[in-house]
Amino acid sequence: MSKSHLELTGVSMSFDTPQGPFQALDTINLKIRKGEFVSLIGHSGCGKSTVLNIVAGLLQATKGGCVLDGHEVNTPGPERAVVFQNHALMPWLTVYENVELAVRQVFRKTMTKRERTDWILHNLELVNMAHARDKRPGEISGGMAQRVGIARALSMRPSVLLMDEPFGALDALTRAHLQDALMEIQQDLNSTVIMITHDVDEAVLLSDRIVMMTNGPAATVGEELTIDLPRPRNRVTLADDPEYVHYRQAVLRFLYEKQRFPGKGDKAPQASTPTEEADSTAPESPVEVKAPEPQPTSAKTKKPVATAVQN
Amino acid sequence: MSTLTSTNPLLQLIRRRYPDVTGKALLQSVTLPVLGIALFLIAWQLVAPQINTSLGDFPTPANVYEQAGQLWQEHQNEQDRADRYVEMQEKRNARILADNPDAETRIRPYPGAPTFIDQIFTSLKTVLAGFFLATIIAVPLGIMIGLNRYFAAAANPIIQIFKPVSPLAWLPLVTMVVSATYVSDDPMFEKSFITSMVTVTLCSLWPTLINTATGVAQVNPDLVNVSKVLRLPFWTHARKVVLPAAVPMIFTGLRVSLGIAWMVLIAAEMLAQNPGLGKFVWDEFQNGSSDSLSRIMVAVLAIGFIGYVLDRIMLMIQRKVAWDE
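Treat the numbers as computed from the prediction; the structure is a model and nothing was measured.

Conventions and cut-offs
- Every chain is numbered on its own, with residues counted from 1 as its sequence reads.
- A letter from A marks each chain and a number from 1 marks each ligand, given out in the order of writing.
- Reporting of local features is limited, given that this is a predicted model, to residues whose pLDDT is at least 70; pairs of side-chain atoms are given and counted only at 80 or more, and all residues count toward the totals for whole chains, interfaces and linings.
- A run of H or I in DSSP becomes a helix once it reaches four residues, and a run of E becomes a strand once it reaches two; helices and strands are each numbered from the N terminus.
- Counting other C-beta atoms within 10 Å of a residue's C-beta gives its exposure: the residue is buried at 20 or more, exposed at 12 or fewer, and partly exposed in between, where C-beta atoms are placed from the backbone.
- Working definition of a contact: two residues with C-beta atoms, positioned from the backbone, lying within 7 Å.
- Structurally, a nonpolar core is described as a collection of buried Ala, Val, Leu, Ile, Met, Phe, Trp, Tyr and Cys residues joined by way of C-beta atoms within 7 Å.
- Strand pairing is defined by DSSP finding a minimum of two bridges between the two strands.
- The angle between two axes is taken between their N-to-C directions and runs from 0 to 180 degrees, where each axis is a line fitted to C-alpha atoms and a helix contributes only its stretch in contact.
- The predictor attaches a confidence to each residue, and that confidence, scored 0 to 100, is pLDDT.
- UniProt positions are given in the numbering used here, feature names are shortened, and annotations may be inferred rather than shown by experiment.
- Just so you know, the domain bounds were taken from an automatic or database domain assignment.
- Angle categories: roughly parallel below 35 degrees, roughly antiparallel above 145, roughly perpendicular from 65 to 115, and oblique for all the rest.
- Take the far helix as your reference; a near helix turned counterclockwise from it by less than a right angle gives a left-handed crossing, and one turned clockwise gives a right-handed crossing.
- Throughout, right-handed denotes a crossover for which the path from the first strand over the helix to the second runs clockwise when the strands point away from the viewer.
- As a working rule, the residues Ala, Val, Leu, Ile, Met, Phe, Trp, Tyr, Cys and Pro are called nonpolar, Asp, Glu, Lys and Arg charged, and the rest polar, with Gly in that last group.
- By definition here, a helix of n residues has an expected span of 1.5 Å times n minus one.
- The term bend refers to the angle at a residue between two fitted axes, each drawn through seven residues, those ending there and those starting there.

> Just to check I follow, could you spell out the overall build of chain A for this structure?
Counting its regular elements, chain A contains ten helices and ten strands. Among the 311 residues that make up chain A, the fraction classed as buried is 42%. Within chain A, counting contacts between residues at least 6 apart in sequence, those at least 24 apart form 71% of the total.

Here it is, written out as structure tokens:
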């Protein structure tokens, strides 16, 4: 394997609180190849966002560090563009102006005005939002605003695209649309993506690799799962694909065992609080993390993949 | 944080009762205010004659209406006189120039006393100048305070202490300082104008300052992160992200400030004998004629109405400028 594109080495994070330091992350190691799509999955409060913010440079790791293309990450920068959960568009700017703010800042020296205009429109077309270029964020739906947020991030031509639960606030249909759009764009551009998600199906469908995080405090990487499904992927045909179902089960099993039996199969045992986690994931859709709760016995019986496929 | 409610509580009440605006609600939004004014006038008319002062009975609405017309008439008469005065000088100058083309001629301004209408315009000019000065101090300062929590912590006690100070306390100091420092043979502005303006500024900049600082400090952290990811330079960040995000809060502050500026101005003019509506009220009070109370009441209503109009204008500007309206 060649030199990794993005590397996190021994990343630990503790926050100062009035009750003393709170250890959020403990020794996270992660190597990501160029063009790889990596999902971070884990329960609420496990520090997924903290990892992403450290890569983005918005937070500084207390120990360890993050290296991108041979340079240590200390500050935020457009080569690590972030897509925020709630689009984070400037409400007073139009769709076009929001992307323009980014493009003008990043390419003001390397592109002519004409080129910048074309580049803005190109990115809006990529996410099918060119028709709404003169609308304000308040005048378009959440899904459309999130498309613009993605266009803005892509317009920075980032080395790594960081997505913090990008589809978490959207309804299921819009989410599926945007997932397909993202898959297509990512394949065309061969972008490196780190995405945080709660959604097991989303993680399996989109990722090359799923990084599963243990429960906090002192969360770390529990397991990694390489998703070896051919691209382009189709959500409808994949639903019956035994391999897909196997991957899905593997992620569910990890999350399920984590939640029910904290410390089991985990390098860093912690006293997690299952009730709190169940509460915090409660508002999400049933496909997500807390889905396997109704079948508490299946954890013990580690069925072979083939028998688990029947549904 | 102080926010302005609609200046029309009746309308608000109606909106609460009938969230979906029906024809009935619309009708009521017209009839109820009219009814309210009518009831007020009737009560006034009934109560006024009961109040006996050394200057006669308290004026009734009819008295006040009559004096309003009277004040307007006086203004017209003065204007006619001023026109004639200037016309007379022009004629004389023309005569002099006809005799001697090299003669230096000039036109003296009409020396008559300012009328009620003149005083209104003096007051408006002063309040707008003071408010403008307060704005250009308070908005940038508020942005600095909102952006930097160390600066905010340092500035906070000073703001809290000066905010509640009455204009009457500032006025003697301002008067003395202006007299001492604003020395010029050919002053661009009257000293009295500067004194009133500075007093207005000192009293009215606080709401804008506090609201701007709060608005800036409360900018959505995601937007700040976007700015960080883009590595926007400080000034671009302030101009393109912070300022627009804080505009709704800034305008709320500006409206409170303008209201305070107008109230403060009247008090300052009254106490300092600076030209303006406050001086008009004071002069009428000292004058003590049988019409004085009616004329003061005209001034009271005019002050209220102008304050209302100023607030409406600010609201209109806010709707034009702010993105959340």
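> Would you explain the overall build of chain B in this entry?
Within chain B, the regular secondary structure consists of eleven helices and two strands. The secondary structure elements of chain B, listed N-terminal to C-terminal, are α-α-β-β-α-α-α-α-α-α-α-α-α. C-alpha extents for chain B along the principal axes are approximately 75 × 65 × 40 Å. For chain B, the proportion of its 325 residues judged to be buried stands at 30%. Within chain B, counting contacts between residues at least 6 apart in sequence, those at least 24 apart form 73% of the total.

> What's the story with the nonpolar core in this structure? I'm lost.
As a rule of thumb, soluble globular proteins bury nonpolar side chains together. In terms of nonpolar packing, the biggest core is built from 137 residues, with Val55(A), Val148(A), Leu162(A), Ile194(A), Val251(A), Val200(B) and Ala261(B) touching the most fellow members. Take this core: its biggest share by element is 18 residues, from helix H9 (residues 234–272) of chain B. Excluding residues within four positions of it along the chain, Val200(B) makes contact with Thr126(B), Val127(B), Gly130(B), Phe131(B), Ala261(B), Val264(B), Leu265(B) and Ala268(B).

> Could you clarify how one ought to interpret the sheet that holds strand S3 (residues 37–41) of chain A in this entry?
All names here are of chain A. Strand order in the open sheet made by the six strands is S6-S7-S8-S3-S9-S10, with mixed pairing throughout. Edge strands, defined here as strands with exactly one partner in the open sheet, are strand S6 (80–83) and strand S10 (221–226). Taken pair by pair, the neighbouring strands of this sheet meet at an average axis angle of 20°, ignoring direction.

> Honestly, the interface of chain A and chain B in this entry has me stumped. Any pointers?
Frequently, the measure chosen for interface size is the accessible area removed from exposure when the parts meet. Every contact between the two is made by 16 residues of chain A and, on the other side, 13 residues of chain B. Of all the secondary-structure elements, those providing two or more residues to the side of chain A that touches chain B are S6 and helix H2 (95–107) of chain A. Ranked by residues supplied to the side of chain A that touches chain B, first place goes to H2(A) with three residues.

> Explain the confidence of the model for chain B here, please?
Where the model shows low pLDDT, its predicted coordinates should not be examined in detail. The share of residues in chain B with pLDDT of 70 or more is 93%, and the mean pLDDT across the chain is 87. Overall fold confidence for the complex sits at a pTM of 0.76, while the interface term, ipTM, reaches 0.78.

> What should I look at first to understand the UniProt feature "transmembrane region" (unreviewed entry) in chain B in this one?
Residue and element names in this part refer to chain B. Under the UniProt annotation, the feature "transmembrane region" (unreviewed entry) is placed at residues 25–47, 127–147, 167–184, 241–272 and 292–310. Here residues 25–47 is 100% helix and 0% strand, with 32 Å between the C-alpha atoms at its ends. End C-alpha to end C-alpha, residues 241–272 measures 43 Å, and it is 100% helix and 0% strand.

> Any chance you could explain the domain arrangement of chain B here in plain terms?
Residue and element names in this part refer to chain B. Under the domain assignment used here, chain B contains domain 1 (1–48), domain 2 (61–101) and domain 3 (116–325). Relative placement of domain 2 and domain 3: their C-alpha centres are 35 Å apart. Counting from both sides, the interface comprises six residues of domain 2 and, opposite them, seven residues of domain 3.

> Just to check I follow, could you spell out the UniProt feature "domain: ABC transporter" (unreviewed entry) in chain A for this structure?
Per the UniProt annotation, the sites labelled "domain: ABC transporter" (unreviewed entry) are residues 6–240 of chain A. Along residues 6–240 of chain A the backbone is 34% helical and 27% strand, and the end-to-end C-alpha distance reaches 34 Å.

> Just checking my understanding: could you explain the UniProt feature "domain: ABC transmembrane type-1" (unreviewed entry) in chain B for this structure?
Under the local residue numbering, the UniProt record ascribes the feature "domain: ABC transmembrane type-1" (unreviewed entry) to residues 120–314 of chain B. Here residues 120–314 of chain B runs as 85% helix and 0% strand, with 19 Å between its end C-alpha atoms.

> Would you take a moment to explain the sheet that holds strand S4 (residues 63–68) of chain A for this structure?
Residue and element names in this part refer to chain A. If you walk across this open sheet you meet the four strands as S2-S1-S4-S5, and the pairing is antiparallel. Strands with a single pairing partner mark the edges of an open sheet, and in this sheet they are strand S2 (20–32) and strand S5 (71–72). Two strands pair when backbone bridges link them, and S4 and S5 are joined in this way by two bridges, in the antiparallel orientation. If you follow Leu-68 over to S5, its bridge partner there is His-71. Along the sheet, helix H1 (residues 48–56) makes contact with strand S1 (6–17), S2 and S4, crossing S2 at roughly 65°.

> Mind showing me how you'd approach the packing of helix H5 (residues 149–162) of chain B against helix H7 (residues 191–217) of chain B here?
Any two packed helices are characterised by how steeply their axes cross, that is the angle between the axes, and by the distance between the axes. Residue and element names in this part refer to chain B. At a minimum axis separation of 11 Å, H5 and H7 run at an interaxial angle of 150°. Between H5 and H7, the angle is such that the two are roughly antiparallel. For the pair H5 and H7, the sense of crossing is left-handed. Only Trp-206, Leu-209, Ile-210 and Ala-213 of H7 make contact with H5, whose side of the interface consists of Ala-152, Ile-159 and Phe-162.

> Is there a simple way to explain the pairing of S3(A) in this structure?
Residues and elements named next belong to chain A. In terms of residue burial, S3 counts as a mostly covered element, since five of its five residues are buried. Burial along S3 is two-sided: the residues Phe-37, Ser-39 and Ile-41 and Val-38 and Leu-40 are all buried. In this structure, S3 lies alongside strand S8 (residues 192–197), joined through five bridges in parallel fashion. By the bridge assignment for S8, Leu-40 is matched with Ile-196. Looking at chain direction, S3 and strand S9 (residues 209–213) are connected through four bridges and run parallel. In the strand pairing of S9, Ser-39 is matched with Ile-210.

> Which parts of the structure should I look at to understand the pairing of S8(A)?
A regular strand places its side chains so that they alternate between the two faces of the sheet. Residue and element names in this part refer to chain A. For S8, the buried fraction is high: six of the six residues fall into the buried class. Residues Thr-192, Ile-194 and Ile-196 line one face of S8 and the alternating positions Val-193, Met-195 and Thr-197 line the opposite face, and both faces are buried. Where strand S7 (residues 160–164) and S8 come together, five bridges link them in parallel fashion. What sits directly across from Val-160, in S8, is Thr-192. Between the parallel pair S7 and S8, the chain is carried across by helix H5 (residues 172–189), and the sense of this crossover is right-handed.

> Teacher, can you tell me more about the packing of helix H4 (residues 116–147) of chain B against H9(B) here?
Residue and element names in this part refer to chain B. It is at 8 Å that the axes of H4 and H9 come closest, and there the two elements cross at 145°. In the crossing of H4 with H9, the sense of the turn from one axis to the other is right-handed. Every residue of H9 that contacts H4 at Ser-123, Thr-126, Val-127, Gly-130, Phe-131, Ala-134, Thr-135, Val-139, Ile-143 and Leu-147 is listed here: Ala-238, Val-242, Leu-243, Ile-250, Leu-254, Ser-257, Leu-258, Ala-261, Trp-262, Leu-265 and Glu-269. For the contact of H4 with H9, the class distribution of residues is 15 nonpolar, five polar and one charged.

> How should H7(B) be read in this particular structure?
Spacing of three or four residues puts side chains on the same side of an α-helix, whose turn is 3.6 residues. Residue and element names in this part refer to chain B. When the terminal C-alpha atoms of H7 are compared, their 38 Å separation across 27 residues agrees well with the 39 Å that a helix rising 1.5 Å per residue should span. Leu-205 marks the point of greatest bend in H7, at about 35°, and the proline Pro-207 comes within the next four residues. Counting buried residues in H7 gives 24 out of 27 residues, a clear majority hidden from the surface.

> Please clarify how helix H11 (residues 292–321) of chain B should be interpreted in this entry.
Residue and element names in this part refer to chain B. Over its 30 residues, H11 extends 43 Å from the first C-alpha to the last, a length consistent with the 44 Å expected when each residue adds 1.5 Å. Every buried residue belonging to H11 is among Ser-292, Leu-293, Ser-294, Arg-295, Ile-296, Met-297, Val-298, Ala-299, Ile-303 and Met-314, and all of these are buried. Structurally, H11 contributes buried residues whose contacts are with strand S1 (52–53), helix H3 (61–99), H9 and helix H10 (277–287).

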